[in-house]
Amino acid sequence: MKKLKLESVDIVQKNIEIIGSLFPNVITEARDDKGNIKKGINFELLKQELSGDVIVGEESYEFNWVGKRAALVEANKPIRKTLRPCIEESKDWETTGNLYIEGDNLDVLKLLQESYLNGIKMIYIDPPYNTGKDFIYNDDFKIDKNHYNERIAVCDNEGRRLFSNTKTNGRFHSDWCSMIYPRLRLARNMLKEDGVLFISISDQEIDNLKKICNEVFGEGNFLADIIWNSTKSMTNTAIISVSHTHNLVYFKSLDYFVKHRERFRFPENGEGFDNPDNDPRGMWKADPFQVGGWRPNQQYEIVNPNTGVVYKPNANCSWKNDYQKFQELLKEQRIIFGKTGEGGPQRKRYIWEAETRGKVAKTIWDDIETTTNGTQLIKKLFAGLNVFDNPKPVELIKRFLQLATDPDEDSIILDFFSGSATTAHAVMELNSEDKGNRKFIMVQVQEPCAQNSDAFKAGYKNICEIGKERIRRVGEKLLADKSDKQEVNRQDVGFRVLKVDSTNMNDVYYAASDYHQSMLSELESNIKKDRTDLDLLYGLILDWGLPLSFSHKSETIEGVTVHIIDKGSLAACFENRISETVLRELAKRNFQRVVFRDSCFAGSAAKINVEAIFKLLAPNTTIKVI
């Protein structure tokens, strides 16, 4: 029983907790004047969090590498980019809630910050393993070999090297850490309070990755390292044949799951349940009645009524319930004494109880598919072609989904190293099995396929083309396998394709002070000439922080096109001239937000007129121009 403190709140510690919730990585430990450990703030790191430039200063005990501060600056740096819709490569554009985004995932994560802040239920990533080779993610903070040597002083004053820098040393780990660090920082912002992160990783970077995740998510939010037996084959030339893959699991808030443990469980599949005595309450399983730990009110004798044998808890153990509850269970015939009636006490647990609580996961997974199965599946999907090397098996991702998501909720799953889109495959397949409504966001850089590969020869120029085609084929197969027409209509097997590109606006839109006289002729429009209405629309959706999966419908009013998002969250018209009739019609519909081209108004008087119309007919509508 906890004692009341009977003192006022420690304001300093309260402030530290608030700062820690925003920036977990700045929390450190220090000793007070009595030598007790207490939480503190690493002010150097906090200053760096609030600065757009690299701050030079003393660094304390922490996980560090050359380029870390630059990586932190990169994570916080804004970008002038947008996502351009590509309807021709999409499937079921108007109705789907799934997204496939092409581009560097660092850019994408920055662009999605407002739209999906605290909105993602589960993130799964399988980042590139560090093999000492160059990355395709050419971030600004990546350092070259000479600069790295200078920073860690591996040469003396005359330029002589002081030690050998092998591929397993320094710079290669630094590059990898600098690549993953800003991406994880941005990803954390997007997780819901009950959000879960899964990361598959090999031995090469497991130690560094866990340290980075501890900093970004907080060490207290680490749940487990699930060891997956990822290969059954033996490497006979190795000193020891590696057959496992690590899968780190982090919560956005462990406190949430401590209070709601049932929210991170496998569905009960009925294994081990039976009804040998025809119990009218249904199938059951015999659980041990003894538990670990000594509790004084759970120490008593139990007599087997069939044999007369007296049972007591073992040393440092207790019965599962106190004596009064035991008597109730005995009366309800929920206490049994083994299969023959001659053993120790056990308690019946019914399947309907188990289904409510779910099944607890273990940290060793050796009963699911291997990487070989993943390869075989994608070859089967692509008519025998080996279009992608070593994809994760669908069953692995489905297990993560079963733990972290509920079929009755509209969960969003993000994979920003999506590769061949195994995660999208798993989401659609599990939805088909349990009638769930999960949605996915796949992000993949346009990594070229090698010209001598089966994929390239089959016409797939980059990995994105493979991923999109896989989603199409999986969707078609799932629908073909369904006999229930209602289920066919219900399942979402579509996806919207969006691609990272430069901003829709001319540079002058952002930096008016930078233009000169010779540019004036080019400034008739602040919008780039190659941009369509859809480009502008989805740029606005990002800017306003709306989900990119919102329903989109186009409507013609008095000859002009109006784009309507989410049945009224946003209405946009990009025509060069808009009549007062159209303006009044839009105002009458009371949209939450309305956007026009700035150039559609002849002058200030026209803008004032628009504001007057909406103030009269739709006073709560927000009006903006671009």
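Scroll up to find the structure this text is about.
The structure presented is a predicted model; accordingly, all values stated were derived computationally and were not measured.

Trainee: Even after reading the chapter, I still don't get the overall build of the chain, so can you show me in this structure?
Mentor: Across its full length, the chain carries 19 helices and 24 strands. Across the 626 residues that make up the chain, the buried fraction comes to 47%. Summing over all exposed atoms, the chain offers an accessible surface of approximately 33,300 Å²; the carbon and sulfur share of this is 49%.

Trainee: I would appreciate a short explanation of unusual backbone geometry in the present structure.
Mentor: Outside of glycine, negative phi angles account for most residues, and trans bonds account for most peptide bonds. Phi at alanine 383 is positive, roughly 55°, even though this residue is not glycine. Mapped onto the elements, alanine 383 comes out in the loop between helix H11 (371-381) and helix H12 (394-404). Positioned with a positive phi, lysine 567 is a non-glycine residue whose angle comes to about 55°. With respect to the helices and strands, lysine 567 occurs in the loop between strand S21 (560-565) and strand S22 (570-573).

Trainee: What should I look at first to understand the pattern of salt bridges in this one?
Mentor: When the charged atoms of two side chains with opposite charge come close together, those side chains can pair. Evaluated as defined, the whole model comprises 37 salt bridges. Put simply, aspartate 104 and arginine 183 hold a salt bridge, and the shortest N to O gap is 3.0 Å. One end of the pair, aspartate 104, is in the loop between strand S4 (99-102) and helix H4 (105-111); the other, arginine 183, is in helix H6 (residues 170-190), with 79 residues separating them in the sequence. Under the relative-accessibility criterion, aspartate 104 is labelled buried at 17%. Classification of arginine 183 as buried rests on a relative accessible area of 0%. Via salt bridges that share partners, Arg84, Asp501, Asp530, Arg531 and Asp535 belong to a single interconnected network.

Trainee: Looking at this model, I keep getting lost on the packing of H12 against helix H13 (residues 422-434). Mind explaining?
Mentor: Two quantities define a packed helix pair, namely the angle between the axes and the distance from one axis to the other. As a packed pair, H12 and H13 sit with axes 9 Å apart at the nearest point and diverge in direction by 60°. As for the relative orientation of H12 and H13, their crossing is right-handed in sense. From H12, Val394, Glu395, Ile397, Lys398, Leu401 and Gln402 reach across to H13, where they touch Thr422, Thr423, His425, Ala426, Val427, Glu429, Leu430 and Glu433. Partitioning the contact of H12 with H13 into residue classes produces six nonpolar, four polar and four charged.

Trainee: In this structure, what is going on with the side chain of asparagine 504? I would like to understand it.
Mentor: Its location among the elements puts asparagine 504 in the loop between strand S19 (496-502) and helix H17 (533-543). By relative accessible area, which is 5% here, asparagine 504 ends up buried. Within the local environment of asparagine 504, its side chain forms a polar contact with the side chain of arginine 531, the two groups lying 2.9 Å apart. Other than its neighbours up to four places away in sequence, asparagine 504 contacts Thr82, Asn526, Ile527, Lys528, Arg531, Asp535, Leu536 and Gly539.

Trainee: Would you explain the sheet that holds strand S15 (residues 346-350) in this entry?
Mentor: Sheet strands pair via backbone hydrogen bonds, and the direction of the pair is either parallel or antiparallel. Strand order in the open sheet formed by three strands is S9-S15-S14, with antiparallel pairing between adjacent strands. Whereas interior strands pair on both sides, the edge strands pair on one side only; in this sheet they are strand S9 (284-288) and strand S14 (335-336). In this sheet, S15 lies alongside S9 in antiparallel orientation, the contact comprising five bridges. Residue pairing in the sheet places alanine 286 in a bridge with lysine 348 of S15.

Trainee: When you look at the side chain of arginine 334 in this model, what are you seeing that I'm missing?
Mentor: Turning to its location among the elements, arginine 334 is positioned in the loop between helix H9 (323-331) and S14. A polar side-chain atom of arginine 334 sits 2.8 Å from a polar atom in the side chain of glutamate 353. Among all residues touching arginine 334, those that are not within four sequence positions of it are Arg281, Leu329, Gln346, Arg347, Lys348, Arg349, Tyr350 and Glu353.

Trainee: Mind showing me how you'd approach the sheet that holds strand S20 (residues 552-557) here?
Mentor: Reading across from one edge, S20-S21-S22-S23-S24 is the order of the five strands in this open sheet, with mixed pairing throughout. Of all the strands in the sheet, the pair left with one neighbour each is S20 and strand S24 (622-625). Within the sheet, the average angular offset between the axes of one strand and its neighbour, ignoring direction, is 20°. Where S21 lies against S22, three bridges are found, and the strand directions are antiparallel. By the bridge assignment, isoleucine 565 is partnered in S22 with leucine 570.

Trainee: I keep staring at the pairing of S22 and nothing clicks. Help me out?
Mentor: Both faces of the sheet carry side chains from a regular strand, because those side chains alternate between them. Going residue by residue along S22, you find Leu570 and Ala572 tucked away on one face and Ala571 and Cys573 tucked away on the opposite face as well. Joining the antiparallel neighbours S21 and S22 is a turn of four residues, in which aspartate 566 adopts a positive phi near 55°. Examined bridge by bridge, S22 and strand S23 (residues 593-596) share three bridges and lie parallel to one another. Among the inter-strand pairings, alanine 572 is bridged to a residue of S23, identified as valine 595. Since S22 and S23 lie parallel, the crossover through helix H18 (residues 580-588) that links them has a hand, and here it is right-handed.

Trainee: Explanation requested: the packing of aromatic side chains in the structure shown.
Mentor: Between two aromatic rings, the relevant description is the distance of the centres plus the angle of the planes. Inspection of the entire model under this criterion finds 24 aromatic pairs. Relative to phenylalanine 326, the ring of phenylalanine 289 has its centre 5.8 Å away and its plane inclined at 50°; by these criteria the two rings are tilted. Note that phenylalanine 289 is positioned in the loop between S9 and strand S10 (290-292) and phenylalanine 326 in helix H9, a separation of 37 residues in sequence. Exposure class is identical for phenylalanine 289 and phenylalanine 326. Each is buried. Ring plane angle 65° and centroid distance 6.4 Å describe the contact between phenylalanine 596 and phenylalanine 614, whose orientation is recorded as edge-to-face. Of this pair, phenylalanine 596 sits in strand S23 while phenylalanine 614 sits in helix H19 (residues 604-617); the two residues are 18 residues apart in sequence, bridging distant segments of the chain. As far as burial versus exposure is concerned, phenylalanine 596 and phenylalanine 614 are alike and both buried. Every member of this aromatic cluster is reached through a ring pair, and the members are Tyr124, Phe198, Phe251, Tyr256, Phe257, Phe264, Phe266, Trp365 and Phe400.

What counts, and at which threshold
Residues numbered from 1 in each chain as written. Predicted model: local features only at pLDDT ≥ 70, side-chain atom pairs only at ≥ 80, totals over all residues. Heavy atoms only, no water. Helix = DSSP H or I, 4+ residues; strand = E, 2+ residues; numbered from the N terminus. Buried < 20%, exposed > 50% of the residue type's maximum accessible area, 1.4 Å probe, protein only. Areas by Shrake-Rupley, 256 points an atom, 1.4 Å probe, with all protein chains shown as cover. Salt bridge = Lys/Arg side-chain N within 4 Å of Asp/Glu carboxyl O. Axes fitted to C-alpha atoms, helices over the stretch in contact; angles between N-to-C directions. Left-handed = near helix turned anticlockwise from the far one by under 90°. Contact = heavy atoms within 4.5 Å. Nonpolar A, V, L, I, M, F, W, Y, C, P; charged D, E, K, R; others polar. Polar contact = N/O pair within 3.5 Å; in protein donor to acceptor, adjacent residues only side chain to side chain. Pairing = 2+ DSSP bridges. Right-handed = clockwise from strand over helix to strand, strands pointing away. Phe/Tyr/Trp six-rings, centres within 6.5 Å; stacked < 30°, edge-to-face > 60°.

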